[in-house]
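One-letter residues, chain by chain:
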Amino acid sequence: IPAGSSLEGFLFPATYEVGVNQTAIDLRNQMLDAFDNNVTATMQRDTTSQGWTMFQIITVASIVEREAILPIERPQIASVYLNRYNIGQKLDADPAVKYAIGNSRDGSWWPPLTVDDYSLVATYSTYTNTGLPPGPIASPSVSSIRAVIYPADTPYFYFRAACDGSGAHVF
């Protein structure tokens, strides 16, 4: 984790038993241990061998986590973002823009976007900035992390919601 970055993305999302005398630091350590137990040494080696840092992988995985409704689509969604990144195209990731807006609208951290939101100048806006946002926008599941380390091999650069109520995307 780069200096000055938060632990966001590395606090593993799970259900935890919290003892009555457990401190916040104890819970933080439990969540970090869970991350280390779920993100295997093999996954970490494969990340490094691909020229990525785990911080970069978790950043992309957090976007995939917020984008995917159907777990089976995570590797395809990851491939779209990685295909864009690899040619220097903006990620154009709605979840990152929603994170940039934060809790500023309707008391929701994940508000519906408006046309004006796509031109928002903010460090986490992947519509106005090229490359990855400065860090993760959520705590990704192991399946999202795996999807980024082992993405589908696709020619896709775009996807959209299928708009049929299924949560599926059209690539």
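Structure shown above.
Computed from a predicted model, the values in this text were never measured in an experiment.

A. The packing of helix H3 (residues 54-67) against helix H6 (residues 142-149), seen in detail. Between H3 and H6, the least distance of the axes is 8 Å, while the angle of their chain directions is 120°. By the angle between their axes, H3 is oblique relative to H6. The handedness of the crossing between H3 and H6 comes out as right-handed. When H3 is examined against H6, the residues Ile57, Ile58, Val60, Ala61, Val64 and Glu65 are found in contact with a partner set consisting of Ser144, Ile145, Val148 and Ile149. Its residues placed into classes, the contact of H3 with H6 shows eight nonpolar, one polar and one charged.

B. The layout of surface pockets, seen in detail. By volume, the largest pocket amounts to about 340 Å³. Lining the largest pocket are 17 residues, and of these Glu67, Asp94, Pro95, Phe159 and His169 sit closest to its centre. Listed by contribution, the elements that provide at least two residues to the lining of the largest pocket are H3, helix H4 (74-86), helix H5 (94-101) and strand E1 (160-161). For the lining of the largest pocket, the element with the most residues is H5, which contributes three residues.

C. Structural context of the packing of aromatic side chains. Taken as a whole, this structure holds eight aromatic pairs when the rule is applied. With 5.7 Å between their ring centres and 45° between their planes, Phe159 and Phe171 make a pair best called tilted. Here the residue Phe159 occupies a position in the loop between H6 and E1, and Phe171 occupies one in the segment after strand E2 (169-170), the gap between them amounting to 12 residues. The rings of Tyr81, Tyr156, Phe159 and Phe171 are connected pair by pair, giving a single aromatic cluster.

D. Looking closely at the environment of Ile69. Relative to the assigned elements, Ile69 resides in the loop between H3 and H4. You can call Ile69 exposed: its relative accessible area is 56%. Excluding its chain neighbours within four sequence positions, the residues that come into contact with Ile69 are Gly167 and His169.

E. View of helix H1 (residues 24-38). Along its 15 residues, H1 runs 21 Å from first to last C-alpha, staying within 8% of the 21 Å computed at 1.5 Å per residue. Those residues of H1 not exposed but buried are Met31, Ala34 and Phe35. Looking down the long axis of H1, one finds its buried residues gathered within 105° of arc, a one-sided arrangement. In this fold, the buried residues of H1 make contact with H3 and H6.

F. Representation of the nonpolar core within the structure. With 36 residues, the main nonpolar core has Phe35, Met54, Ile57, Val64, Tyr81, Ile145 and Val148 as its most contacted residues. Elements that contribute at least two residues to this core include exactly H1, H3, H4, H5 and H6. Of all the elements, H3 adds the most residues to this core, at eight residues. Residues contacting Tyr81, with those up to four places away along its chain left out, are Val60, Ile63, Val64, Glu67, Leu91, Ala93, Pro95 and Phe159.

G. How the structure looks around the packing of H4 against H6. Where H4 contacts H6, the two axes come as close as 8 Å, and the packing angle between them is 50°. As far as their axial angle goes, H6 and H4 are oblique. The two elements H4 and H6 meet at a crossing, and its hand is right-handed. Residues Arg74, Pro75, Ala78 and Leu82 of H4 lie in contact with H6, whose contacting residues are Ser143, Ser144, Ala147 and Val148.

The rules behind the values
Residues numbered from 1 in each chain as written. Predicted model: local features only at pLDDT ≥ 70, side-chain atom pairs only at ≥ 80, totals over all residues. Heavy atoms only, no water. Axes fitted to C-alpha atoms, helices over the stretch in contact; angles between N-to-C directions. Helix = DSSP H or I, 4+ residues; strand = E, 2+ residues; numbered from the N terminus. Parallel < 35°, antiparallel > 145°, perpendicular 65-115°, else oblique. Left-handed = near helix turned anticlockwise from the far one by under 90°. Contact = heavy atoms within 4.5 Å. Nonpolar A, V, L, I, M, F, W, Y, C, P; charged D, E, K, R; others polar. 1 Å grid on protein atoms, 1.4 Å probe; cavity = no way out; pocket = protein on both sides within 12 Å on 5 of 7 lines; lining within 4 Å. Points joined across faces, edges and corners; volume = space filled by probe spheres on them. Phe/Tyr/Trp six-rings, centres within 6.5 Å; stacked < 30°, edge-to-face > 60°. Buried < 20%, exposed > 50% of the residue type's maximum accessible area, 1.4 Å probe, protein only. Expected span 1.5 Å × (residues − 1). Arc of directions from axis to C-beta. Core = buried A, V, L, I, M, F, W, Y, C linked by side-chain atoms within 4.5 Å.

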